[in-house]
Amino acid sequence: MSLRENSSSSMRLAVARWLYASRDNRPAAKFDDLYGEPAWDILLDLYIAEYSGKRTAVSSACLAARVPSTTALRYIKSLCTKGLTERLPDERDRRRLWLHLSPRALHEMDLYIDRSIDELRAIFKSSQHDASAQPFWDLRGSGKRAASNAA
């Protein structure tokens, strides 16, 4: 796909890069077994590649998954089966396959990143006025904002 150039796309790319890189900020040495998200890492890596105007080889997607290659390949197969990614043969090197997000997955990732951007803007905007009014996500799993004075 083509390089996407506008402020919305630039913001999406910045947030996607931050989401992917932020995993390195986690206390992995103490909690490695809690961070098994190879499919999500692959999706984010492919999303970043899309907005950077780059193609991703299957072997590179395996590295992005941060798991052994055989495990990553199982995740890639599952993502392809679910219609979230597509494999394309390399025109010049028949040994290589390119991997990219399907149009449906790209659309869903755009929606997710846009919601994240809106939430971050709301957090930063409210924190400029009153830190106690800062919105936050209910971490009990409802996905809805909880009242800031909830116990």
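Everything below is about the structure shown above.
As the structure is a prediction and not an experimental result, all values here were calculated from the model. (Residues numbered from 1 in each chain as written. Predicted model: local features only at pLDDT ≥ 70, side-chain atom pairs only at ≥ 80, totals over all residues. Heavy atoms only, no water.)

Overview of the environment of Lys 82
Right, so step 1: By the element assignment, Lys 82 lies in the loop between α5 (69-81) and β2 (85-89).
Right, so step 2: Note on Lys 82: relative accessible area 55%, which makes it exposed. (Helix = DSSP H or I, 4+ residues; strand = E, 2+ residues; numbered from the N terminus. Buried < 20%, exposed > 50% of the residue type's maximum accessible area, 1.4 Å probe, protein only.)

Remarks on the side chain of Thr 56
Right, so step 1: Mapped onto the elements of the fold, Thr 56 is located in strand β1 (residues 56-57).
Right, so step 2: Classification of Thr 56 by relative accessible area gives buried; the value is 6%.
Right, so step 3: Once you skip the residues sitting within four places of it in the chain, Thr 56 turns out to touch Asp 45, Leu 46, Ala 49, Ala 61, Leu 97, Trp 98 and Leu 99. (Contact = heavy atoms within 4.5 Å.)

Observations concerning the packing of aromatic side chains
The description of an aromatic ring pair rests on the distance of the ring centres and on the angle between the ring planes.
Right, so step 1: In this structure the tally under the stated criterion is two aromatic pairs.
Right, so step 2: Here Trp 40 and Tyr 112 contribute two aromatic rings whose centre-to-centre distance is 5.3 Å and whose plane-to-plane angle is 90 degrees, an arrangement assigned as edge-to-face. Here Trp 40, found in helix α3 (residues 38-52), pairs with Tyr 112, found in helix α6 (residues 103-129); they are 72 residues apart in sequence, far enough to count as distant.
Right, so step 3: Relative accessible area serves as the criterion here: at 27%, Trp 40 is assigned to the partly exposed category.
Right, so step 4: Owing to a relative accessible area of 29%, Tyr 112 belongs among the partly exposed residues under this scheme. (Phe/Tyr/Trp six-rings, centres within 6.5 Å; stacked < 30°, edge-to-face > 60°.)

So, α5
Right, so step 1: An ideal rise of 1.5 Å per residue puts 18 Å on 13 residues; α5 measures up with 18 Å between its terminal C-alpha atoms.
Right, so step 2: Inspection of α5 places Ala 72, Ile 76 and Leu 79 among the buried residues, and these make up the whole buried set. Projected down its long axis, α5 shows its buried positions confined to an angular sector of 60 degrees, all on one face. Counted as exposed and oriented over 90 degrees from the buried face of α5: Thr 70, Arg 74, Lys 77 and Thr 81.
Right, so step 3: In this structure, the buried residues of α5 make contact with α3, α4 (58-64), β2 and β3 (97-101).
Right, so step 4: Trailing α5 by a residue or two, Gly 83 shows a phi angle of about 80 degrees, which is positive. (Expected span 1.5 Å × (residues − 1). Arc of directions from axis to C-beta.)

A short note on the pattern of salt bridges
When the charged atoms of two side chains lie near each other, side chains of opposite charge can form a pair.
Right, so step 1: Evaluated as defined, the whole model comprises six salt bridges.
Right, so step 2: Asp 110 is the partner of Arg 12 in a salt bridge, and the nearest nitrogen-oxygen pair spans 3.5 Å. With a gap of 98 residues between them, Arg 12 in helix α1 (residues 7-22) and Asp 110 in helix α6 connect regions that are remote in the sequence.
Right, so step 3: What makes Arg 12 buried here is its relative accessible area of 14%.
Right, so step 4: The shortest N-O distance in the salt bridge between Asp 114 and Arg 12 comes to 2.7 Å. Pair noted here: Asp 114 is in helix α6 and Arg 12 is in helix α1, with a separation of 102 residues, a long-range link. (Salt bridge = Lys/Arg side-chain N within 4 Å of Asp/Glu carboxyl O.)

Digging into the packing of α3 against α5
Right, so step 1: At a minimum axis separation of 9 Å, α3 and α5 run at an interaxial angle of 70 degrees. With respect to α5, the element α3 is oriented roughly perpendicular. Considering how the two elements wind past one another, α3 and α5 form a crossing that is right-handed. Taking contact as the criterion, the partners of Pro 38, Ala 39, Ile 42 and Leu 43 in α3 are, on α5, Ala 72, Tyr 75, Ile 76 and Leu 79. (Axes fitted to C-alpha atoms, helices over the stretch in contact; angles between N-to-C directions. Parallel < 35°, antiparallel > 145°, perpendicular 65-115°, else oblique. Left-handed = near helix turned anticlockwise from the far one by under 90°.)

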